[in-house]
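# Geometric and topological summary
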Amino acid sequence: MWLRRTAACALTVPLALLLFRDTPVRLFAAQPAPLSGVQRPAIVSRAEWHADEALVKEVATTTGTVQTVFIHHTGHANGYSCADTPAMLRAMEESHIRDQGWDDIGYNFVVDRCGTIYEGRAGSIGRSVLGAHTTGFNAHSVGIAALGTFHPGVPGSDALIKGIAKVGAWKLDRAVDPRGLVRMVSTNDDSLYPRGQAVSLPTVAGHRDTYQTHCPGDALYAQLPLIRTEMARLRNSHRQQRSADGGTGASDHRGHLLRDRHPYRAG
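Since the structure is predicted, the reported quantities are computational estimates derived from the model, not experimental observations.

### Side note on the packing of aromatic side chains
Here the structure, examined in full by the defined rule, presents two aromatic pairs. Ring centres 6.4 Å apart and planes at 70° place the aromatic pair Phe-109 and Trp-170 in the edge-to-face group. Of this pair, Phe-109 sits in strand β5 (residues 109-111) while Trp-170 sits in helix α2 (residues 158-171); the two residues are 61 residues apart in sequence, bridging distant segments of the chain. When sorted by exposure, Phe-109 lands in the same class as Trp-170, which is buried. When the centroid spacing of 6.5 Å and the interplanar angle of 85° are considered together, the rings of Phe-137 and Tyr-193 count as edge-to-face. Taken together, the residues Phe-137 in the loop between β6 (117-119) and β7 (141-146) and Tyr-193 in the loop between β8 (181-185) and β9 (198-202) connect sequence positions 56 residues apart. By relative accessible area, Phe-137 is classed as buried at 1%. The ring of Tyr-80 is capped by Arg-113, whose NZ or CZ atom sits 5.5 Å from the centre of that ring. It is Lys-171 that lies over the ring of Trp-170; its NZ or CZ is 5.0 Å from the centre.

Given below as structure tokens:
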């Protein structure tokens, strides 16, 4: 949830496991987003939902290719009109920065109940940007928040699940299986795992997998298998289309370990 700090979730690669550390690298120059093998879905940019850029404390930092996808919920009431989502995001941005003390909105992306995908933290569309969503596991990950609250018996809509899967499949490194596992290393004792402990997590995980929280809610957590399956379907469909078109796919996967060169602020 976005009301307090964040927890850790999981990510997965076939068990030729790699270790990734929550270590940001300051973004000095523009860098292209890593290829995932899936076309970018329609995303409402920060400029389009009128984010208040004057509130943002620091420029974005990048963490390298996305190896894990953490699913969250925002804790909002579910009866909102999707037309009100931009205003809700502006209020969330202000709360994350002024109340939580973070540099920017914590999530990389937010998806509303109509399935519309919104850019969260600045720079998240073009790069793998460090968020403030999963304590101890923010590096090499993307935080996607479902707008709403998903207690038992209140699952996410089909449009919401598909929207999450679209942006997740696009951002996740092409070498990582959304239905697999990955080993990550905790960098914060406030997570469920002591700093320095290596843990095996699902590629697509819930916030509760690495932090003491109910997020993303029992109902949405139970839908994570649907998200993994849909992400895999989108990737297979894109691969088959490229094969039919004679495409070869573009660049090789590079799993370089990024090391911390600058102090990290949790927001």
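### Brief notes about the environment of Gly-79
Its place among the elements puts Gly-79 in the loop between β4 (68-73) and α1 (85-99). Its relative accessible area of 75% is what places Gly-79 among the exposed residues. Counting along the chain gives 34 residues from Gly-79 to Arg-113, while the straight-line C-alpha distance between them is 9.5 Å.

### Here we look at the environment of Cys-215
Among the secondary structure elements, Cys-215 is positioned in the loop between β10 (204-206) and α3 (218-222). Sequence-wise, Cys-215 and Ala-145 are 70 residues apart; in three dimensions their C-alpha atoms are separated by 9.9 Å.

### What about the confidence of the model for the chain?
Here the chain averages 80 in pLDDT, and 76% of its residues register 70 or above. Every residue in residues 1-34 is under pLDDT 50, and counting partners more than four places away or in other chains gives 172 contacts. Throughout residues 248-267 the model reports pLDDT below 50, and contacts reaching past four residues in sequence, or to other chains, amount to 46 contacts.

Cut-offs and rules
Residues numbered from 1 in each chain as written. Predicted model: local features only at pLDDT ≥ 70, side-chain atom pairs only at ≥ 80, totals over all residues. Heavy atoms only, no water. Phe/Tyr/Trp six-rings, centres within 6.5 Å; stacked < 30°, edge-to-face > 60°. Helix = DSSP H or I, 4+ residues; strand = E, 2+ residues; numbered from the N terminus. Buried < 20%, exposed > 50% of the residue type's maximum accessible area, 1.4 Å probe, protein only. Lys NZ or Arg CZ within 6 Å of the ring centre and 35° of its normal. pLDDT = per-residue confidence, 0-100. Contact = heavy atoms within 4.5 Å.

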